Every structure is written in structure tokens, then in C-alpha cells.
Amino acid sequence: MRWAGRCGECQGWGTVAEIKVPAIARAGMRAAGRSGPVAGGGSGAALPISEIDVSAAQARPTGLDELDRVLGGGLVPGAVVLLAGEPGVGKSTLLLEAGALAATAGPVLYITGEESAAQVRLRADRVGAVSPQLYLAAETDLAAVLGHIEAVSPALLIVDSVQTITAAGTDGAPGGVTQIREITNALMAVAKQRMMTTVLVGHVTKDGSIAGPRALEHLVDVVLQFDGDRNSQLRMVRALKNRYGPTDELGCFELGEFGRTGLPDPSGLFLSQLTEAVPGTCVTVTMEGRRPLVAEVQTLVCASNVEVARRVTSGLDGSRVGMILAVLQRRAGVPLGKQDVYAATVGGVRLTEPSVDLAVALAVTSAAADLAIPRHVVAIGEVGLAGEIRRVPGIARRLAEAERMGFRCAIVPPGSGGLPGSSDGPAAAWAGTGPLTDVREAPDLRSAVATALGQQPAGR
């Protein structure tokens, strides 16, 4: 491969292996920041936008539909993707499967810096990710990685992980800010010059943010977050940044013995299998990107035997649940001061969208009153500090998903006009057996509680 960049340490032309690592990084920063032969494969002359050929930048499917959904159709040639996630969540296995599928269209180079080649081969055998076009190398030196790129000429490069690669002649320990920045710049320069898609695996810190310099996220083209509960088989990937597609899509995978399986319809995973209504449960519809998901909130309220009542949450924002409890007590008259409150989601899903506020409030009130909300009811809405129910976006899509899952009645914020079957009255009057046609607008928490439970809360 011929390199067209110049710098103080490399005067003239040479191969990738002949250029010193710091020189590659500096040249990469310049090449990635301008248009021309290196960055875009064109002549460098300005052209009318209508005459630009986009065929070389078309996304190519990975073979994993849920991953393609998040990427916006697939991997773009020359793009640099950063995939981050907690240890053990399955980043390496996901990329190994994607690499094996992509190898059917051209060579794929998988660089592992955390395992031996034999260990990766064992996992590949287990998940069926073995392909003659999938090349594997265990390396931690950037110069050696560049040599493998020169030898294999891959269409897709996977580096697992960027924190384990070191650049000779660069200050700092492996995984440090200086090393990561230099290595990323070098790999980006090669990726843009060769139009080679590159996927970098990144570590995360204790608080879940991506480790390394913040500039790393600004340099790359796509940032993906791969997460999931260790005690659940559900894994989710979402785009935090995407120059080539949407950032409001969610991909769902199920962790199995033989790898990851895409879940095009994951809503059923977040509902309990109870056949009878139980006090303390309420179903809602949340939006993960543009995908509506039906999920269930479960709560338990009991007398506290300690001076300070407990507030325990799982899968919910603890501070937001605390706010909802305060609003319930002050605005709806639900006595919770001396009660322990436990709130959790079903299936390991994490619900942080404000639209789940109403479901949490109704579930807590149901548990405190020991009255069950009918199983065919969903509640959607944000709760304000004054006790009002605020509108949320995408009501029509949420209700369509609830209807598809068999729910017949819904409690929504006021102003969600154009909804079918809007009516008033207690829950006992909800006797429909067909599609979702009974949609009721509740202006505040008291009205929502009265509608869901068929009675006014204490203190009315």
C-alpha cells in the first residue's frame, strides 16, 4: 500500500510499515480533516453536490438485522466505529459473529489484544463464526497491526480492544489518553485512505461512560453502546453518535448458548406471565428510539420497620421514582411516609423515559391500596410536580403497539386528541374484548388513579 502523506519524520513515499507510528497519527489527523484522494477517494476538486458519486459510501449490511437497524443499514466503507460496553456483556462475541458474516463478501481482519488466537477460535467454533476469509491475529503493537493490514488488505478491520494496543515512541501507558489518541488517529488515517471499515472496541468506566479521552468519541464516525443486565439474556445496542444514520434506533439481542439472536419483537420479554391482575403492577409503553416497547412496572409497598423508610429501585431511575412518591403523597393523598417502597421492571429492561411516570405512580398507588389494575390497561404519561399529567411524544405509535400486544384500554395525558374511544367512568365499566378502543385522558394523578382503580385515593 502506498502512503500519500508527508510529515517531518517521513519525507517522501513509503508503505504503511515504513512510516513511524507518530508520523501516521499526525498525517491521519490532517487526512481525516480534509477532502481529497486520501479522505474520500475523489480528485479533490470542488463539485456541485448533485454530481457527487455516493455509490462508494453506501452502507453494506452486516448480516445481523438488529445491528444494521442501529447503524442505519450497515457499515459504511471507510467509517470508523467505536463499540463500548461493560466487561462480559458480549461485545467480542457480537463482533466475531458480524465479522464472520461480513467475510462472505471480502477479507475481514480481527485483531485481539485481550485473548490469544486459540481462545478466540474456541469461541468462534462455539457460536459458528468460522470463515476462511476471517483472519485472526493476537497483537498489541500498532506497527504489527499495520503490517497485518498491509498483508491481508481487509474490507473490515476489528480491533478488540483499542485500550490494549500500544504505539512505540509514544509517551504514556497502554490505555492512556496519549496512547489511545495516537492509535485512533493512525487507524483512522489508514481506514480513510483504504476505504476500510474499522470497528474499535472500547472499555467503559465505573459509571458506564466510555473510557479514554472524550476526543475519541469526536474523532470516530459512529459510537455504539452495547449493554444489558448480567442476570438477563437481553442485550441492547444503541447509537450515541452516527454520521451515516439515525441515533434513535435500538437493536435487541437475546444471549444464548450459541451466540446472539436478534429480537425483532422484544416487547413480550418485558411482561410478566401472570394471568390474574395483581396489586402493584402496571403496564406502560416506552419508546426506545423509534421502537415502542411494552413493559411492566412492579411495585411493593409495606410498613417500614426502620426509622427511615426504604426506597429501592431496579431498572428505574431512583431519583425520579422518589419524586413520583413525593407527588403522590402531596398531590394525590397517598400515605407513603412510613412505608417501604420497592419498584422494579420486568425482564431486565431499564426504563428512564418520563412517559413511564404514570405507570410507576399507578403501580405504587395500586400496591398501597391493595387494589389491582386490570391486566388489559396501559398507562402512558409524564407526571409533573403539581400532580398534572403531561403529554409525551409518539402517543399514536405507543397505542398501536399496545393494541398489537392485546391491550384494550389506555390512560393517557389530556390533549392527545384524535384518539379513538375516549370516554369517562370507572374501570369497572371497561368490558371491551376487542382492539384498543377505550382511551381515557386523565388531567392529573387523582383522575388517573380514579380511572385505573375505580375509586378516589385517600385524602380526596
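All values derive from a computational prediction rather than experimental measurement. (Residues numbered from 1 in each chain as written. Predicted model: local features only at pLDDT ≥ 70, side-chain atom pairs only at ≥ 80, totals over all residues. Heavy atoms only, no water.)

Mind laying out the overall build of the protein chain, listing which residues take part and the relevant values?
Of the regular secondary structure elements, the protein chain holds 12 helices and 18 strands. Here the protein chain holds 460 residues, and the buried ones make up 50% of them. Counted over contacts in the protein chain with a minimum sequence separation of 6, partners at least 24 positions apart contribute 69%. In the form shown here, the protein chain has an accessible surface area of approximately 20100 Å², with 53% of it arising from carbon and sulfur atoms. (Helix = DSSP H or I, 4+ residues; strand = E, 2+ residues; numbered from the N terminus. Buried < 20%, exposed > 50% of the residue type's maximum accessible area, 1.4 Å probe, protein only. Contact = heavy atoms within 4.5 Å. Areas by Shrake-Rupley, 256 points an atom, 1.4 Å probe, with all protein chains shown as cover.)

Describe the side chain of glutamate 353, and please don't skip the residues or the numbers.
Note on placement: glutamate 353 falls in the loop between strand 13 (339-345) and helix 10 (357-369). The buried category is assigned to glutamate 353, whose relative accessible area is 18%. At a separation of 2.7 Å, a polar atom in the side chain of glutamate 353 contacts the side chain of serine 355. (Polar contact = N/O pair within 3.5 Å; in protein donor to acceptor, adjacent residues only side chain to side chain.)

Please provide a residue-by-residue account of the side chain of threonine 345, values included.
Secondary-structure assignment places threonine 345 in strand 13. Only 2.6 Å separates the side chain of threonine 345 from the backbone oxygen of valine 349, close enough to count as a polar contact. If sequence neighbours within four positions are ignored, threonine 345 has contacts with Glu296, Ser314, Gly315, Leu316 and Leu351.

Let's hear about the sheet that holds strand 9 (residues 259-262): which residues, and what values?
Ordered by their spatial adjacency, nine strands build an open sheet running 3-2-4-5-1-6-7-8-9, and the pairing between neighbours is mixed. Looking along the sheet, the strands with just one partner apiece sit at the ends: strand 3 (134-138) and strand 9. Across the sheet, the axes of successive neighbouring strands diverge by a mean angle of 25°, strand direction being ignored. For strand 2 (residues 108-112) and strand 4 (residues 156-160), the ladder comprises five bridges, and the chain directions are parallel. Residue pairing for strand 4: threonine 112 is matched across the bridge by aspartate 160. Set on the sheet, helix 6 (residues 142-152) makes contact with strand 2, strand 3 and strand 4; between it and strand 2 the angle comes to about 165°. (Pairing = 2+ DSSP bridges. Axes fitted to C-alpha atoms, helices over the stretch in contact; angles between N-to-C directions.)

Describe the pairing of strand 6 (residues 222-227), and please don't skip the residues or the numbers.
Burial of strand 6 is extensive: five of the six residues sit out of reach of the surface. Pairing between strand 1 (residues 80-85) and strand 6: five bridges, direction parallel. Each residue of the ladder has a partner; that of leucine 82, found in strand 6, is valine 223. Strand direction decides the pairing type here: strand 6 and strand 7 (residues 234-242), joined by six bridges, are antiparallel. Looking at strand 7, one finds that valine 223 is bridged to lysine 241. What sits between the antiparallel neighbours strand 6 and strand 7 is a turn of six residues.

Go over the packing of helix 9 (residues 318-331) against helix 10 with me, naming the residues and quoting the values.
The contact between helix 9 and helix 10 brings their axes to 10 Å, and the two run at 60°. With respect to their mutual orientation, helix 9 and helix 10 come out oblique. Our pair here, helix 9 against helix 10, has a crossing hand that is right-handed. Residue-level contacts link Arg320, Val321, Ile324, Leu325 and Leu328 of helix 9 to Asp357, Val360, Ala361, Val364 and Thr365 of helix 10. Class assignment of the residues belonging to the contact of helix 9 with helix 10 gives a composition of seven nonpolar, one polar and two charged. (Parallel < 35°, antiparallel > 145°, perpendicular 65-115°, else oblique. Left-handed = near helix turned anticlockwise from the far one by under 90°. Nonpolar A, V, L, I, M, F, W, Y, C, P; charged D, E, K, R; others polar.)

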